[in-house]
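The residues making up each chain are set out below.
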Amino acid sequence: MSINFSNNDLLLIYGHFSKKVIELELLKARPDNPIDLSNVNQDIELFSSITSKIESVHPSITKLKSHL
């Protein structure tokens with residue numbers, strides 16, 4: 001199966017999912033985290049997997065991480 005994303009689509013997805021990983025990592029570190037850690041870890045794994053796949057196809061996109 002193949003999905004044809006434009007470069008703008010990939011940038012949007014990558015940026016959104018990268019930010020989400022950061023937010024979830026911060027939430028996970030909070031002592032008053034209201035969400036079950038297994039759910040947080042599962043979401044982090046999912047979003048990280050997708051961003052890694054995008055990075056493997058477009059390695060230069062990692063430059064964006066410093067702007068998040």
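Look up a bit, the structure's there.
Residues numbered from 1 in each chain as written. Predicted model: local features only at pLDDT ≥ 70, side-chain atom pairs only at ≥ 80, totals over all residues. Heavy atoms only, no water.

Student: Can you help me understand helix α1 (residues 7–29) in this one?
Tutor: Owing to its 3.6 residues per turn, the α-helix brings residues three or four apart onto one side. Under the 1.5 Å per step criterion, the end-to-end length of α1 is 33 Å for 23 residues, consistent within 8% with the ideal 33 Å. Leu10, Tyr14, Gly15, Phe17, Ser18, Val21, Leu24 and Leu27 are the residues of α1 that are buried. Contact partners of the buried residues in α1: α2 (37–57). (Helix = DSSP H or I, 4+ residues; strand = E, 2+ residues; numbered from the N terminus. Expected span 1.5 Å × (residues − 1). Buried < 20%, exposed > 50% of the residue type's maximum accessible area, 1.4 Å probe, protein only. Contact = heavy atoms within 4.5 Å.)

Student: Help me understand the packing of aromatic side chains in this model?
Tutor: Two measures describe an aromatic ring pair: the distance that separates the ring centres and the angle between the ring planes. Tallied over the entire structure, the rule returns 1 aromatic pair. Ring geometry for Phe17 and Phe47: centres 4.8 Å apart, planes at 50°, overall tilted. Residue Phe17 is found in helix α1, and its partner Phe47 is found in helix α2; the two are separated by 30 residues along the sequence. As far as the burial class goes, Phe17 and Phe47 line up, both buried. (Phe/Tyr/Trp six-rings, centres within 6.5 Å; stacked < 30°, edge-to-face > 60°.)

Student: How do you make sense of a nonpolar patch on the surface when you look at a structure like this?
Tutor: A surface patch of nonpolar side chains, amounting to about 440 Å² of accessible area, comprises Met1, Ile3 and Phe5. Along the chain, the position of Phe5 falls in the segment before α1. (Patch = residues over 30% accessible without salt bridge, like charges linked within 9 Å, V, L, I, M, F, W, Y side chains within 5 Å. Areas by Shrake-Rupley, 256 points an atom, 1.4 Å probe, with all protein chains shown as cover. Salt bridge = Lys/Arg side-chain N within 4 Å of Asp/Glu carboxyl O.)

Student: Explain the pattern of salt bridges to me, please; I cannot follow it from the model alone.
Tutor: Opposite charge on two side chains lets them pair, provided their charged atoms get close. Tallied over the entire structure, the rule returns 2 salt bridges. One salt bridge connects Lys20 with Glu23, and the closest N-O pair in it is separated by 3.8 Å. Taken as a pair, Lys20 and Glu23 lie in helix α1 at a separation of 3 residues, close to a single helical turn. According to the relative accessible area criterion, Lys20 is partly exposed, its value standing at 30%.

Student: Please explain the nonpolar core as it appears in this structure.
Tutor: One broad trend across soluble globular proteins is that nonpolar side chains are buried collectively. If you look at the biggest cluster of nonpolar residues, it comprises 7 residues: Phe17, Val21, Leu24, Leu27, Val40, Ile44 and Phe47. Of all the secondary structure elements, the ones that give two or more residues to this core are α1 and α2. Here the element with the most residues in this core is α1; it accounts for 4 residues. With near-sequence residues (within four places) excluded, Val40 lies in contact with Leu24, Leu27, Lys28, Asn33 and Ile35. (Core = buried A, V, L, I, M, F, W, Y, C linked by side-chain atoms within 4.5 Å.)

Student: Can you help me understand the side chain of Ser18 in this one?
Tutor: Secondary-structure assignment places Ser18 in helix α1. Setting aside its immediate chain neighbours within four residues, Ser18 contacts Thr51, Lys65 and Leu68.

Student: Explanation requested: the packing of α1 against α2 in the structure shown.
Tutor: Packed helices, taken two at a time, are described by the angle their axes make and the gap between the axes. Running from N to C, α1 and α2 point in directions that differ by 150°, and their axes come no closer than 9 Å. It follows from the interaxial angle that α1 and α2 lie roughly antiparallel. At the point where α1 passes α2, the crossing takes the left-handed sense. Listed contacts from α2 to Leu10, Ile13, Tyr14, Phe17, Ser18, Lys20, Val21, Leu24, Glu25, Leu27 and Lys28 of α1 are Leu37, Val40, Asn41, Asp43, Ile44, Phe47, Ser48, Ile50, Thr51, Ile54 and Glu55. A class-by-class count of the residues in the contact of α1 with α2 yields 13 nonpolar, 4 polar and 5 charged. (Axes fitted to C-alpha atoms, helices over the stretch in contact; angles between N-to-C directions. Parallel < 35°, antiparallel > 145°, perpendicular 65-115°, else oblique. Left-handed = near helix turned anticlockwise from the far one by under 90°. Nonpolar A, V, L, I, M, F, W, Y, C, P; charged D, E, K, R; others polar.)

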